[in-house]
Structure formats: structure tokens, C-alpha cells
Amino acid sequence: MQLKNDLILRAARGEKTERTPVWMMRQAGRILPEYRAVRNSLSGFIELVKTPQFAAEVTVQPVDILGVDAAIIFSDILVIPEAMGCPYEMVEKRGPTFPKTIKTEKDIDELRVADGETDLGYVIEAIKLTNKELAGRVPLIGFAGAPWTLFSYMVEGSGSKTFSKARGFLYTEPALAHKALEKITQSTISYLKAQVKAGAHMLQIFDSWAGVLPPQHYREFSLTYIRKICEAIPEVPVTVFAKGAFFALDEIGQLPCATVGLDWNMDVAESRAKVGASKTLQGNLDPCALYGSFAEIEKATKGMLKAFGSQRHIANLGHGVYPDTDPEKVKCFIETVKEYNHG
């Protein structure tokens, strides 16, 4: 299907764009009353993720309501551990928890390499339904968690400020960590390939807990596996978003990906110098900027756009939009990007 708006794909490939494309991480979610209405009609988050028609509905909502230049499939990074035999629960106000965690070699041996099409068929079906609903209006982004981030949840059992169990595992059982990370990586490659086959136009790898690792461990236990994923999927542009990994930007710039996502702590000029001119940058407005007045949001957004320049940039926040953000403030951010003239 011919896309009516392919700005984000052209920006990712380094082609000329008439303006900066814009979307937001977590754009399909709690900021929208329309999302809450769908979610409240179900038992909870996991049922929403696993019901393709509802996942497709909330994926399309921000395109209709906010006017973003891309949709991102509504899912969760933790569907991969579940498909491998390590299920999770979503506890209200606490986040994800894993009743069973990885502790021993036996636990890792029991993990299966997931098949993207069969084990995660509900996400694949949601992608197909979403593309039908979008009817070529904008591209659809697929995604997965980076292996280290998924491993950290599977060892820790929940979110954490320090991920000390997961980090400790890298020191005490490095060979076992690599064994688990390889299984997660193969599962992720199968999953992302299935997403592309189903119609995802672009992919993003979320390394949410990149910033908790020391540089040498990040190279060994995260970048190694992100590289394998990027190398395995040349069909569509891939974005690597490694939150807090400012220390590894030069190495991330050498990955075979199209786009590098920046969080709000990363300086634009310094990041461009480290990543190099051959990659597109994505980001990186502080999500808290959207708590400001409309005039302040406009000013902050224009400042960000000026710093990135007119080409090889996809406008986004430096992390997911926070759930208590006013949708009108979000629209102000998006419209400011769309109206901005780089001159």
C-alpha cells in the first residue's frame, strides 16, 4: 500500500524532508480518554495487549486525535519473556512483576526460543488490523525490548532503581548471562521479522535500562546483542533507543541501524558529533516540558528543532509521554513541530 505520509521513513533513510516528522513514545496510552475508555472495558493492560482488535484501535487513536506522523503498535516489551516461558503480571501502581525469575542454569535451559509468528501471533494480527485501519495514512512502527533490558526484568522480577540482582548476575554468572541473552536475542529477531512480514514499516529497539550498566558491561552484555538484531533485519529502518547510554553513543553510532534515539539528558551537538552524520537522530524534548504553558512548550520545542537542524531528525520526547500530561499540551508540541520552518 502506498503511504500518503512517509516523512518518518524518508527522515530515517536520510532523504530530504519538507519538514521534521514527529511522533511520541507512549503516544497510545493513558494521556487519551479514548484509550482509558477501551482499557476500562477490559480486565486490564494484558488483555488489551493480547486482543488484536482493541490493540489496533488504541494504536490508531493518536493518529486521529493528535496528528502524529507515525503509529506505534500497542504492545509491551515483556511479551518476549512471556513467549519464552517467563510470564509477567501487570500490577496496578507497581508495574510488571514476574512470579518466576531466572536464577540458575536450569531456569535458562527451560526457556524456549520464541517463534514470532506463532507464540506472538496476537501482536502480528494487531499489526495487520492496524495497517488496514490506517489505510496508508502514516507508517506503522513495530518494536521490541533490547535483550539486556528484558534479561534485567527476568532476573530482577520487577522494575528496580538499581537492578542489582541483574547487574550482579553479570559478575557472578557471566557465561549463563550470555546463554540467556542469546536465547532472548534469537526470540527477538524472530519476533521483529514477523512484525516486518505483517507490515511494520520501521522498528524500534528499546534499551530502557541501558544506563544502569558500566560501559564495559554495556558493550559486552547489551551492544553485542543489539548489533545481532540490527544485522538480522536489514529490510526496514531500525531505531536504537538506549536510555542513559550517553557513554556509548559513539559505539551505538557504529551499529547497522538507521536512527539513534536520544533521551532528554543527551546534548544534541555532542550526540551528533559522537553518532556521526550518517545516522538520523530522534528525540529529545524533556517529557516534563509538556507540563509548561503553551508558550513555554512552543519555545522549548522550537529550541529543540533548531538544535537538531532541518534534516536527519525525527522529533520525539526524550522518553515516553507521562500519563498525567494534558492532551492539549501534547497537541501543542506536535503542531509546533509541524508548523516550524527551519528557514
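This one's a predicted model, so the numbers in the text were calculated from it and none came from an experiment. (Residues numbered from 1 in each chain as written. Predicted model: local features only at pLDDT ≥ 70, side-chain atom pairs only at ≥ 80, totals over all residues. Heavy atoms only, no water.)

**Q** When you look at helix α10 (residues 164-172) in this model, what are you seeing that I'm missing?
**A** Every α-helical turn comprises 3.6 residues, leaving residues that sit three or four positions apart pointing alike. If you check which residues of α10 are buried, you get Ala 166, Phe 169 and Leu 170. Along the axis of α10, the buried residues cluster in a sector spanning 100°; they form a single face. Opposite its buried face, α10 presents the exposed residues Lys 165, Tyr 171 and Thr 172, each directed more than 90 degrees away. Buried residues along α10 sit against α6 (105-110), α9 (147-156), α11 (174-198) and α12 (215-232). (Buried < 20%, exposed > 50% of the residue type's maximum accessible area, 1.4 Å probe, protein only. Helix = DSSP H or I, 4+ residues; strand = E, 2+ residues; numbered from the N terminus. Arc of directions from axis to C-beta. Contact = heavy atoms within 4.5 Å.)

**Q** What am I meant to see in unusual backbone geometry here?
**A** That bond from Gly 283 to Asn 284 is cis: its omega, -10°, falls within 30 degrees of zero. Note on placement: Asn 284 falls in strand β8 (residues 280-285). Within the chain, Ala 135 stands out as a residue other than glycine whose phi angle is a positive 50°. Among the structural elements, Ala 135 can be located in the loop between α8 (121-134) and β4 (140-145). A residue is classified by how much of its surface remains accessible, and Ala 135, at 35% relative accessible area, is partly exposed. If you check the backbone angles, Arg 312 has positive phi at about 55° while not being a glycine.

**Q** What am I meant to see in the sheet that holds strand β7 (residues 259-261) here?
**A** Hydrogen bonds along the backbone pair up the strands of a sheet, which may run parallel or antiparallel. As summarised here, the arrangement of the seven strands in space is β1-β4-β5-β6-β7-β8-β9, forming an open sheet in which the pairing is parallel. Of all the strands in the sheet, the pair left with one neighbour each is β1 (71-72) and β9 (313-317). Of the strand pairs in this sheet, β1 and β4 are connected by two bridges, and their pairing is parallel. Looking at β4, one finds that Ile 72 is bridged to Ile 141. Where α12 meets the sheet, it contacts β5 (202-207) and β6 (238-242), and its direction lies at approximately 170° from that of β5. (Pairing = 2+ DSSP bridges. Axes fitted to C-alpha atoms, helices over the stretch in contact; angles between N-to-C directions.)

**Q** In this structure, what is going on with the packing of aromatic side chains? I would like to understand it.
**A** The description of two aromatic rings rests on the distance between their centres and on the angle between their planes. What the rule picks out here adds up to 13 aromatic pairs. Both rings, one in Phe 143 and one in Phe 206, keep their centres 5.5 Å apart while their planes meet at 80°; by these two values the pair is edge-to-face. Here Phe 143, found in strand β4, pairs with Phe 206, found in strand β5; they are 63 residues apart in sequence, far enough to count as distant. Note on Phe 206: relative accessible area 12%, which makes it buried. Between the aromatic rings of Phe 206 and Phe 241, the centroid separation amounts to 6.3 Å while the plane-to-plane angle is 80°, which identifies the pairing as edge-to-face. Placement of the pair is Phe 206 in strand β5 and Phe 241 in strand β6, with a sequence separation of 35 residues. (Phe/Tyr/Trp six-rings, centres within 6.5 Å; stacked < 30°, edge-to-face > 60°.)

**Q** Mind showing me how you'd approach the packing of α8 against α11 here?
**A** Think of two packed helices as two axes; the pair is described by the angle between the axes and how far apart they sit. Two elements in contact, α8 and α11, have axes separated by 9 Å at closest approach and are oriented at 25°. One way to sum up the angle between α8 and α11 is to call them roughly parallel. By crossing handedness, the relation of α8 to α11 is classed as right-handed. Listed contacts from α11 to Val 123, Ile 124, Ile 127, Lys 128 and Asn 131 of α8 are Tyr 191, Ala 194, Gln 195 and Ala 198. A class-by-class count of the residues in the contact of α8 with α11 yields six nonpolar, two polar and one charged. (Parallel < 35°, antiparallel > 145°, perpendicular 65-115°, else oblique. Left-handed = near helix turned anticlockwise from the far one by under 90°. Nonpolar A, V, L, I, M, F, W, Y, C, P; charged D, E, K, R; others polar.)

**Q** Could you clarify how one ought to interpret helix α15 (residues 294-308) in this entry?
**A** Given a rise of 1.5 Å per residue, 15 residues ought to cover 21 Å, and the 21 Å separating the end C-alpha atoms of α15 matches this to within 8%. By the burial criterion, the buried members of α15 are Ile 297, Thr 301, Met 304, Leu 305 and Phe 308. Looking straight down α15, one finds its buried side chains confined to an arc of 95°; they lie on one side. For α15, the exposed residues set more than 90 degrees away from the buried face come down to Ala 295, Lys 299 and Lys 306. Residues of α15 that are buried in the fold lie against α14 (268-275), β8, β9 and α16 (327-339). Looking at the residues trailing α15, positive phi occurs at Gly 309, about 85°. (Expected span 1.5 Å × (residues − 1).)

**Q** So what exactly am I meant to see when it comes to the environment of Met 202 here?
**A** Turning to its location among the elements, Met 202 is positioned in strand β5. When its relative accessible area of 2% is taken as the criterion, Met 202 is described as buried. Apart from residues lying up to four places away in sequence, Met 202 is in contact with Ile 8, Leu 9, Ala 12, Leu 140, Ile 141, Gly 142, Val 236, Pro 237, Thr 239, Thr 259 and Ile 314.

**Q** What is the right way to read the environment of Ala 258 from this model?
**A** Relative to the helices and strands, Ala 258 resides in the loop between α13 (249-252) and β7. The exposure class assigned to Ala 258 is buried, which follows from its relative accessible area of 17%.

**Q** What should I look at first to understand the environment of Arg 19 in this one?
**A** With respect to the helices and strands, the residue Arg 19 is situated in the loop between α1 (7-13) and α2 (33-40). In this structure Arg 19 comes out as buried when scored by relative accessible area, which is 17%. Sequence separation of Arg 19 and Glu 339 is 320 residues, and the distance between their C-alpha atoms is 8.2 Å. If near-sequence neighbours (up to four positions away) are discounted, Arg 19 is found in contact with Asn 5, Leu 7, Asp 69 and Lys 338.

**Q** How should the pairing of β5 be read in this particular structure?
**A** Side-chain positions along a regular strand alternate between the two faces of the sheet. β5 sits mainly inside the fold: six of its six residues count as buried. Along β5, one buried face is formed by Met 202, Gln 204 and Phe 206 and the opposite face, lined by Leu 203, Ile 205 and Asp 207, is buried too. The pairing of β4 with β5 spans five bridges and is parallel. In the strand pairing of β5, Ile 141 is matched with Met 202.

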